[in-house]
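# Observations on the three-dimensional arrangement
Listed below are the residues making up each chain.
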Amino acid sequence: MLFKGKAITYGRDIDTDAIIAARYLNSSDMAELAEHCMEDIDPTFVERVQPGDIIVAGENFGCGSSREHAPSCIKAAGISCVVAKSFARIFFRNAINVGLPIMECPDAVDSVSDGDIVEVNADTGVISNLTTGQSWQGQAFPEFIQKIIEAGGLVARTKERM
Amino acid sequence: MAQAMTIAEKILARHAGLDEVTPGQLIECDLDIVHANDITAPIAIDVCREISSRVFDPEKVVLVPDHYAPNKDIKSAEQVKKLRDFAYEQKLAHYFEIGCMGVEHALLPEQGIVVPGDLTIGADSHTCTYGALGAFSTGMGSTDVGVAFATGRAWFKVPPSIQVVLEGEFCPDVYAKDLILTLIGMLGVDGALYQAIEFTGPAVQSISMDGRFTISNMAIEAGAKVGLFEVDDVTRAYMNGRAQRAWTEYHPDEEAHYAKTIRMNLGEIGPTVALPHLPSNTVPAASCAELEIDQAVIGSCTNGRIEDMRVAAEILRGHTVAEGVRCIIIPATQDVYRRCVHEGLMDVFLDANCAVSTPTCGPCLGGHMGVLAAGERAISTTNRNFVGRMGHKSSEVVLASPAVAAASAIMGYVCTPAQVQ
């Protein structure tokens, strides 16, 4: 899978309340929640995000609550992939489970500016900044997790094995 | 003989059917309890139905409508109804209706549903609270939990453990909340990412169960998977008469390997607050007199237990809340609420002009029952102070112990009990 889009950059410790505030969680409708994605820390996100865009962020992306609504609403907002220096543990699992592609690559994060055109090859793990011509090798997933991704998420993988 | 292991490694190995595990290893485990709340269960229920028409064990699947309950609005009512319908359809042994309900992480230990040695997951990040009982418990998302509703199983990456050795004694006005805030300040919000924290040392025996729950509850705020305490006489006294199942005690081997060891002397910790907008942004509470507050919240899965209520009442007794300040007190379970009434704490709260609510997570997540307006500031015994956590994005949350929150409510600014005039 190849993802290509404009980079939307954030700093470290982007928490799940910032991604989708709990005040909206009386609903599980992801299209509705996507309208409030990143609202409290970046009110411009919803206006500027284009299908395929890639979030590029610092350490500990997705810290805080276990709400799966966070990766799901990022996906519903049109983001194709999140590249970060590191992910909070629960967000990492949730992203894999709901089929939001994620990649850890600290070097790439340091060299991507907001608005750069970025390409992520999910098969090889290569991340390229098409604006500057640089590229990096992201961290590969363990085989166990790769199988969940290939199956199309945890539900599909569980059914496959039953 | 198996290799030396930490508590986390022993519990995970046992539930994976293995003699030993090592950090980094990916394993699949049988679960003792799987739970979710009214925000996370609706998705988990759909996931479960995709896989199976029945839950794996109606005794082991627990649903607690606590976040937007009592129902805040029609949408919340629909979500809670989905839990209720599923609970009745599946004949779940543990569904807690309003009137029996409590904040999940106070309720499950109190009701003896989670016991020492368990491996438990919940679709709520503060599921790590039960580490206080010597149970490995951690938060996951709705899909992991929905799959576990159907299968009773989940995968884990065995975490390395950080050992935190506690020594000395608390000074007056210093509590478990000050300890955990101080530790998070030392570690940072990702200082224990992907790791377990194991609390040990001579001071542990002096920390009550309620205090241990507060400490384990906030392990996630340092990124940790779980915050574990070894089972001792304090745990056994708490579990006796309430445990719904036999429990297993796991003790770390002397030669167990820790990623790092941190020593903390309780006597060196003072009343501590975390300023906006990270739980790691800690400073001495006594240094914050310029921070005026609009609201104080005393409650939550972090600090809504009976000892927290007693501490708050002792400070509020004979005082009233400062003019212009709202003080909202939320006993975390129906039992804590009842004890507040029986012990006369309710009179103290009411005489002090506090509002006392039935159990709910409400204000902690900016849900209901105490949402902040633009520019307002709250002092709160809850666990997160992220941007917009309790209301408008320009509102602020200062995290504190019940003692500091009660003192601040009286004075109208952030202060310690010693500063109350």
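The structure presented is a predicted model; accordingly, all values stated were derived computationally and were not measured.

The subject of this paragraph is the overall build of chain A. Helix and strand counts for chain A stand at 8 helices and 7 strands. In terms of overall dimensions, chain A has a C-alpha envelope of 45 × 40 × 25 Å along the principal axes. In chain A, buried positions account for 59% of the 162 residues. Partitioning the intrachain contacts of chain A with sequence separation of at least 6 by distance along the chain shows that 65% fall at a separation of at least 24. Across chain A, 14 positive and 23 negative side-chain charges occur, with their mean positions spaced 7 Å apart.

Moving on to empty space enclosed by the protein. Residues and elements named next belong to chain B. Evaluated as defined, the whole model comprises 3 cavities of 30 Å³ or more. Counted as a void, the largest cavity has a volume near 230 Å³. H67, D124, H126, L365 and R389 are the residues nearest the centre of the largest cavity, which is lined by 23 residues in total. Secondary structure elements with two or more residues in the lining of the largest cavity: α4 (104–110) and α9 (300–303). Among the residues making up the lining of the largest cavity, the classes are represented as 8 nonpolar, 10 polar and 5 charged. In terms of domain composition, the lining of the largest cavity takes at least three residues from each of domain 1 (7–264) and domain 2 (273–419).

Once that is clear, we can look at the packing of aromatic side chains. Applying the stated rule across the entire model yields 11 aromatic pairs over all chains. An angle of 15 degrees between the planes, with centres 4.9 Å apart, marks the rings of F199 of chain B and F229 of chain B as stacked. Taken as a pair, F199 of chain B in strand β9 (residues 196–200) and F229 of chain B in strand β10 (residues 226–229) lie far apart in primary sequence, 30 residues in all. We note that F199 of chain B, like F229 of chain B, is buried. Connected via pairs of aromatic rings, a cluster forms that spans F61, F87 and F91 of chain A. Above the plane of the ring of W155 of chain B lies R93 of chain A, whose end atom (NZ or CZ) is 3.9 Å from the centre.

Bringing the pattern of salt bridges into the picture now. All chains considered together, the criterion is met by 36 salt bridges over all chains. In this structure, R212 of chain B and D232 of chain B form a salt bridge, with 2.8 Å as the shortest nitrogen-oxygen distance. With a gap of 20 residues between them, R212 of chain B in helix α7 (residues 209–217) and D232 of chain B in the loop between β10 and α8 (233–239) connect regions that are remote in the sequence. Neither residue differs from the other here; R212 of chain B and D232 of chain B are each classed as buried. A single network of salt bridges, built from pairs that share partners, joins R12, D13 and E59 of chain A together with D190 of chain B.

Note the cis peptide between A69 of chain B and P70 of chain B, where omega equals -10 degrees. Secondary-structure assignment places P70 of chain B in the loop between β3 (61–64) and α3 (74–89). The omega angle of the peptide bond from P276 of chain B to H277 of chain B is 0 degrees, so this bond is cis rather than trans. Along the chain, H277 of chain B falls in the loop between β12 (272–274) and β13 (282–284). A positive phi angle, close to 65 degrees, is found at M38 of chain A, a residue other than glycine. Summarising the element assignment, M38 of chain A is placed in the loop between α2 (30–34) and α3 (45–48). Although it is not a glycine, M369 of chain B adopts a positive phi angle of roughly 60 degrees. Counting through the fold element by element, M369 of chain B comes out in the loop between β16 (355–356) and β17 (377–380).

We now examine the interface of chain B and chain A. With 45 residues of chain B at the interface, the matching set in chain A holds 47 residues. In total, chain B and chain A occlude about 3800 Å² of area from one another, counting both sides; carbon and sulfur atoms represent 56% of this. Seen at the junction of chain B and chain A, the total is 6 salt bridges. Here E28 of chain B and R161 of chain A are joined by a salt bridge, their closest N and O atoms 2.8 Å apart. For the pair chain B and chain A, the number of links is 25 residue pairs in polar contact (both at pLDDT 80 or more). Classifying every residue of the side of chain B that touches chain A gives 20 nonpolar, 13 polar and 12 charged.

Once that is clear, we can look at the confidence of the model for chain A. In this model, chain A carries an average pLDDT of 95, and 100% of its residues clear a pLDDT of 70 or more. Across chain A, the secondary-structure element scoring lowest on mean pLDDT is helix α7 (residues 143–151) of chain A, at 87, and the one scoring highest is strand β2 (residues 54–57) of chain A, at 98.

Let us now look at the packing of helix α8 (residues 154–161) of chain A against helix α5 (residues 142–151) of chain B. Where α8 of chain A contacts α5 of chain B, the two axes come as close as 10 Å, and the packing angle between them is 25 degrees. One way to sum up the angle between α8 of chain A and α5 of chain B is to call them roughly parallel. The handedness of the crossing between α8 of chain A and α5 of chain B is right-handed. In this structure, α8 of chain A contributes L154, V155 and T158 of chain A to the contact, and α5 of chain B contributes T143, D144, V147 and T151 of chain B.

Attention now goes to the domain arrangement of chain B. Residues and elements named next belong to chain B. Per the domain assignment, the segments of chain B are domain 1 (7–264) and domain 2 (273–419). Centre-to-centre, using C-alpha coordinates, domain 1 lies 24 Å away from domain 2. Summing the contributions of domain 1 and of domain 2, the shared interface buries around 2900 Å²; its carbon and sulfur component is 61%. Summed over the shared surface of domain 1 and domain 2, the number is 1 salt bridge. A salt bridge links E221 to R384; the nearest nitrogen and oxygen atoms lie 3.0 Å apart.

Glancing now at the packing of helix α6 (residues 176–187) of chain B against α7 of chain B. All names here are of chain B. Closest axis-to-axis distance for the α6/α7 pair is 8 Å, and the angle between their directions is 20 degrees. By the angle between their directions, the pair α6 and α7 is classed as roughly parallel. Crossing of α6 against α7: the hand is right-handed. Residues A176, K177, L179 and I180 of α6 form the contact with α7, whose own contacting residues are G211, T214 and I215. For the contact of α6 with α7, the residue count by class is 4 nonpolar, 2 polar and 1 charged.

Before going further, it helps to examine helix α4 (residues 69–76) of chain A. For an α-helix, 3.6 residues make a turn, and residues three or four places apart therefore share a direction. α4 of chain A sits mainly inside the fold: 6 of its 8 residues count as buried. Looking at the buried side of α4 of chain A, the elements it contacts are α1 (16–19), α2, β2, β3 (81–84) and α5 (89–98) of chain A together with α2 (41–51) of chain B. At the C-terminal side of α4 of chain A, G78 of chain A shows a positive phi close to 110 degrees.

What follows deals with the sheet that holds β9 of chain B. All names here are of chain B. One open sheet holds the 4 strands; their spatial order is β10-β9-β8-β11, and the pairing between them is parallel. The sheet is open, and its two edges are formed by β10 and β11 (260–265), each paired on a single side. Recorded for the sheet is a direction-independent mean angle of 25 degrees between the axes of neighbouring strands. With 5 bridges connecting them, strand β8 (residues 161–167) and β9 associate as parallel partners. Residue pairing in the sheet places I162 in a bridge with I197 of β9. Sheet strands touched by helix α1 (residues 7–16): β8, β9 and β10. Its angle to β10, the strand with the most contacts, is close to 100 degrees.

Procedures and definitions
- Residues numbered from 1 in each chain as written.
- Chains lettered and ligands numbered in written order.
- Predicted model: local features only at pLDDT ≥ 70, side-chain atom pairs only at ≥ 80, totals over all residues.
- Heavy atoms only, no water.
- Helix = DSSP H or I, 4+ residues; strand = E, 2+ residues; numbered from the N terminus.
- Buried < 20%, exposed > 50% of the residue type's maximum accessible area, 1.4 Å probe, protein only.
- Contact = heavy atoms within 4.5 Å.
- Lys, Arg positive; Asp, Glu negative; His and termini not counted.
- Charge placed at Lys NZ, Arg CZ, Asp CG, Glu CD.
- 1 Å grid on protein atoms, 1.4 Å probe; cavity = no way out; pocket = protein on both sides within 12 Å on 5 of 7 lines; lining within 4 Å.
- Points joined across faces, edges and corners; volume = space filled by probe spheres on them.
- Nonpolar A, V, L, I, M, F, W, Y, C, P; charged D, E, K, R; others polar.
- Domains from an automatic or database assignment.
- Phe/Tyr/Trp six-rings, centres within 6.5 Å; stacked < 30°, edge-to-face > 60°.
- Lys NZ or Arg CZ within 6 Å of the ring centre and 35° of its normal.
- Salt bridge = Lys/Arg side-chain N within 4 Å of Asp/Glu carboxyl O.
- Buried area = accessible area lost by both parts, 1.4 Å probe.
- Polar contact = N/O pair within 3.5 Å; in protein donor to acceptor, adjacent residues only side chain to side chain.
- pLDDT = per-residue confidence, 0-100.
- Axes fitted to C-alpha atoms, helices over the stretch in contact; angles between N-to-C directions.
- Parallel < 35°, antiparallel > 145°, perpendicular 65-115°, else oblique.
- Left-handed = near helix turned anticlockwise from the far one by under 90°.
- Pairing = 2+ DSSP bridges.

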